[in-house]
Amino acid sequence: MRYANTPSTPLADGEEVLLSFRADRQTYVRDHASMAAIAMAAGMVILWALGNPHVWTGAIGGLGAIALRGWYVASDELAVRWDLTDRRLLGPGTRMVGLREIKHINTFLSAVQIVTVTGDKHLIKYQSDAHATKARIERIAAGGRP
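Residues numbered from 1 in each chain as written. Predicted model: local features only at pLDDT ≥ 70, side-chain atom pairs only at ≥ 80, totals over all residues. Heavy atoms only, no water.

> Could you give an account of the sheet that holds strand β6 (residues 111-116), naming the residues involved and the relevant values?
Reading across the sheet, the three strands line up as β5-β6-β7 and stay open at both edges, with antiparallel pairing between neighbours. Of all the strands in the sheet, the pair left with one neighbour each is β5 (102-108) and β7 (121-124). For this sheet, the mean angle separating the axes of adjacent strands, direction not counted, is 20 degrees. Pairing between β5 and β6: six bridges, direction antiparallel. Bridge pairing in β6 places asparagine 106 opposite glutamine 113. Contacts from helix α3 (residues 130-141) reach β5, β6 and β7 within the one sheet, and its direction differs from that of β5 by about 165 degrees. (Pairing = 2+ DSSP bridges. Helix = DSSP H or I, 4+ residues; strand = E, 2+ residues; numbered from the N terminus. Axes fitted to C-alpha atoms, helices over the stretch in contact; angles between N-to-C directions. Contact = heavy atoms within 4.5 Å.)

Shown next as structure tokens:
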């Protein structure tokens, strides 16, 4: 049984999966802890700016919002897998990028962004080492091996 979080695009004749990229649980938790800290501070600043005497409730609201979000989407986000073949990068469902179609590969915190020559953007999230993931994709796209 295939899930929407994993590639469902069939491999071409002779095509082989060289590497798979999955979300890292520790990175997911760390990123959500950072988002919670920012949400807590933002909630407190907003309440302070509005003149609310209970500024501390902004911290509770920010923490609660991010904790709920993190818990709610964890099962989906942590099940995502991207497969890198000798010809294509296959993403969740039917997402697919030919290696020759990649224009830029960017990193931002724990994510790797793939930008195609047509401007399409794909995000490989929650990588424990985003720079290493980027380097592996670049090496395969240049005709190398993992």
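> How would you explain α3 if you had to name every residue and give the values?
Its twelve residues place the ends of α3 16 Å apart at the C-alpha level, agreeing with the 16 Å of an ideal helix rising 1.5 Å per residue. Looking at the buried positions of α3, the neighbouring elements they touch are β1 (17-22), β2 (81-85), β5, β6 and β7. Directly after α3, the chain includes glycine 143, whose backbone phi takes a positive value near 100 degrees. (Expected span 1.5 Å × (residues − 1).)

> Can you lay out the packing of aromatic side chains for me, pointing to particular residues and giving the numbers?
Inspection of every chain in the model, using the stated rule, returns one aromatic pair. Seen from their ring centres, tyrosine 28 and tyrosine 126 are 4.9 Å apart, and the 75 degrees between their planes marks the pair as edge-to-face. Here the residue tyrosine 28 occupies a position in helix α1 (residues 25-49), and tyrosine 126 occupies one in the loop between β7 and α3, the gap between them amounting to 98 residues. (Phe/Tyr/Trp six-rings, centres within 6.5 Å; stacked < 30°, edge-to-face > 60°.)

> An account of the pattern of salt bridges is requested, with residue identities and associated values reported.
The full count for this structure, using the stated rule, is five salt bridges. The shortest N-O distance in the salt bridge between arginine 88 and glutamate 15 comes to 2.6 Å. With a gap of 73 residues between them, arginine 88 in strand β3 (residues 88-90) and glutamate 15 in the segment before β1 connect regions that are remote in the sequence. Grouping residues by exposure puts arginine 88 and glutamate 15 together as buried. The residue lysine 125 makes a salt bridge to glutamate 77 at a minimum N-O spacing of 3.0 Å. (Salt bridge = Lys/Arg side-chain N within 4 Å of Asp/Glu carboxyl O. Buried < 20%, exposed > 50% of the residue type's maximum accessible area, 1.4 Å probe, protein only.)

> Go over the packing of α1 against helix α2 (residues 56-77) with me, naming the residues and quoting the values.
Contact pair α1 / α2: the axes reach a minimum separation of 7 Å and the direction vectors enclose 150 degrees. On the basis of the axis angle, α1 is roughly antiparallel to α2. By crossing handedness, the relation of α1 to α2 is classed as right-handed. Across the interface between the two elements, Tyr28, His32, Met35, Ala36, Ala39, Met40, Gly43, Met44 and Leu47 of α1 pack against Thr57, Gly58, Ala59, Gly62, Leu63, Ile66, Arg69, Gly70, Val73, Ala74 and Glu77 of α2. (Parallel < 35°, antiparallel > 145°, perpendicular 65-115°, else oblique. Left-handed = near helix turned anticlockwise from the far one by under 90°.)

> Break down the nonpolar core for me, citing the residues and quoting the values.
Core analysis: the biggest nonpolar cluster contains 16 residues, and Phe21, Leu84, Leu89, Ile102, Ile114, Ile124 and Ile137 have the highest contact counts within it. Looking at this core, the elements with two or more residues in it are β1, β2, β5, β6 and α3. Apart from residues lying up to four places away in sequence, isoleucine 102 is in contact with Val97, Ile114, Val115, Thr116 and Ile137. Of all hydrophobic cores here, the second largest spans six residues; its members include Ala23, Tyr28, Ala74 and Tyr126. (Core = buried A, V, L, I, M, F, W, Y, C linked by side-chain atoms within 4.5 Å.)

> How would you explain the pairing of β7 if you had to name every residue and give the values?
Moving residue by residue along a regular strand, the side chains alternate between the two faces of the sheet. Side chains His122 and Ile124 of β7 all project onto a buried face; the interleaved residues Lys121 and Leu123 project onto a face where none is buried. For β6 and β7, the ladder comprises four bridges, and the chain directions are antiparallel. Note that in β7 the partner of isoleucine 114 across the bridge is histidine 122. Once β6 ends, the chain turns through four residues before running back antiparallel as β7, passing glycine 119 with a positive phi of about 95 degrees.

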